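Structural overview
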Amino acid sequence: MGKNQRQDEIIRLVDRTGTVTVAEIVESMKVSDMTVRRDLIELESKGLLTRVHGGAKSNQHLKYREIPHEEKLYQNIEAKRTVAKKAVELIEDGDTIFLGPGTSVEVLAEEITNQHLRVITNCLPIFRDLLKKKSDTFKVFLLGGEMREATQAFVGEMTNAIMDKMYFTKMFFSGNGIKNGQIMTSSFEEAYTQKLALERSTETYLLIDSSKIGKEDFTSICPLSEITAVITDQMSENAQEELEVYTKIIS
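Computed from a prediction, not measured in an experiment: that's the story for all the values here.

What counts and what doesn't
Residues numbered from 1 in each chain as written. Predicted model: local features only at pLDDT ≥ 70, side-chain atom pairs only at ≥ 80, totals over all residues. Heavy atoms only, no water. Pairing = 2+ DSSP bridges. Helix = DSSP H or I, 4+ residues; strand = E, 2+ residues; numbered from the N terminus. Axes fitted to C-alpha atoms, helices over the stretch in contact; angles between N-to-C directions. Contact = heavy atoms within 4.5 Å. Phe/Tyr/Trp six-rings, centres within 6.5 Å; stacked < 30°, edge-to-face > 60°. Buried < 20%, exposed > 50% of the residue type's maximum accessible area, 1.4 Å probe, protein only. Domains from an automatic or database assignment. Buried area = accessible area lost by both parts, 1.4 Å probe. Salt bridge = Lys/Arg side-chain N within 4 Å of Asp/Glu carboxyl O. Nonpolar A, V, L, I, M, F, W, Y, C, P; charged D, E, K, R; others polar.

1. Some thoughts on the sheet that holds strand β14 (residues 229-231)
The sheet built from seven strands is open, its strands ordered β6-β5-β4-β9-β12-β14-β15 with parallel pairing. What marks the edges here is a single partner per strand, and that holds for β6 (138-142) and β15 (248-250). Between one strand axis and the next, the sheet turns by 20 degrees as a mean value, whatever way the strands run. Where strand β12 (residues 201-207) and β14 come together, three bridges link them in parallel fashion. Counterpart to tyrosine 205 in the pairing with β14 is alanine 229. Where helix α5 (residues 77-88) meets the sheet, its contacts fall on β9 (168-173), β12, β14 and β15, and the angle it forms with β14 comes to roughly 135 degrees.

Set out below in structure tokens:
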């Protein structure tokens, strides 16, 4: 990550959380303490934030709250069901699929009726739903690690080490928004785990309801151009034309 991109990410983080510590930026961006402190000095000189002891606070006073899983599940639920019904048609008996975290993917998990399938997920609610369908020919695996409370997804070195040894015929995942050809989410750690799964999947499908098109979040999972298709509900003609520049749309 270059200097300008890193500083942009710092501004987004501090504006959405109100305050951020040097240690949090070091951990999220995997850079040195000294690099972060130099960035904060430069950003303060430009009037973009204010340094405080051990970190920085926002000058914009934008308060960002990542919506918890339980609350998010019922937002736009009918649109999510529409998306899930389209996605489930792409799953074939014999597939090995990865289901990433996200409430749209959780709705997809409920729709799966295949009898011969191997499913891997790093999301606890999705695993619990699929466990009810487990049989001798329907295998379900949960990747462990450190769980993020907001999404109940496992991330971190343990999760990634296991992921590094796996390959999938199809991956279905979600995000918090699509902006400027990028698929956005709230967490660097969650984004990195999803990137690993994307690299190891033959086909990759983004499940996202149309309300998230044009929305920005903290970091990018990957460009739209790197996935097989976006599966969404009915959207405006202009929005569809914008997305079709990057990838195939199933709506």
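2. What about the packing of aromatic side chains?
The final tally for this structure, using the stated rule, is three aromatic pairs. With a centroid separation of 5.3 Å and an interplanar angle of 40 degrees, the aromatic rings of phenylalanine 98 and phenylalanine 168 are classed as tilted. With phenylalanine 98 in strand β4 (residues 96-99) and phenylalanine 168 in strand β9, this residue pair connects regions lying 70 residues apart in the sequence. Exposure remark for phenylalanine 168: the relative accessible area of 3% places this residue in the buried category. Seen in terms of ring centroids, phenylalanine 172 and tyrosine 205 are 5.3 Å apart; in terms of plane orientation they differ by 20 degrees. Their pairing is stacked. Taken together, the residues phenylalanine 172 in strand β9 and tyrosine 205 in strand β12 connect sequence positions 33 residues apart. Here phenylalanine 172 and tyrosine 205 have matching classes, each one buried.

3. As for the domain arrangement of the protein chain
If you check the domain split of the protein chain, you get domain 1 (1-60) and domain 2 (67-247). At the interface, eight residues of domain 1 touch six residues of domain 2. For the pair domain 1 and domain 2, the two sides together bury roughly 630 Å², of which 51% comes from carbon and sulfur. Contact with domain 2 buries surface across domain 1, with Glu9, Arg16 and Ser28 losing the most and accounting together for 61% of the total. Residues glutamate 216 and arginine 12 are paired through a salt bridge, measuring 3.1 Å at the closest nitrogen-oxygen approach. Elements represented by at least two residues in the side of domain 1 that touches domain 2 include exactly α1 (3-17) and α2 (22-29). Of the residues forming the side of domain 1 that touches domain 2, the biggest block, four residues, is contributed by α1. Within the side of domain 1 that touches domain 2, the residues separate by chemical class into three nonpolar, one polar and four charged.

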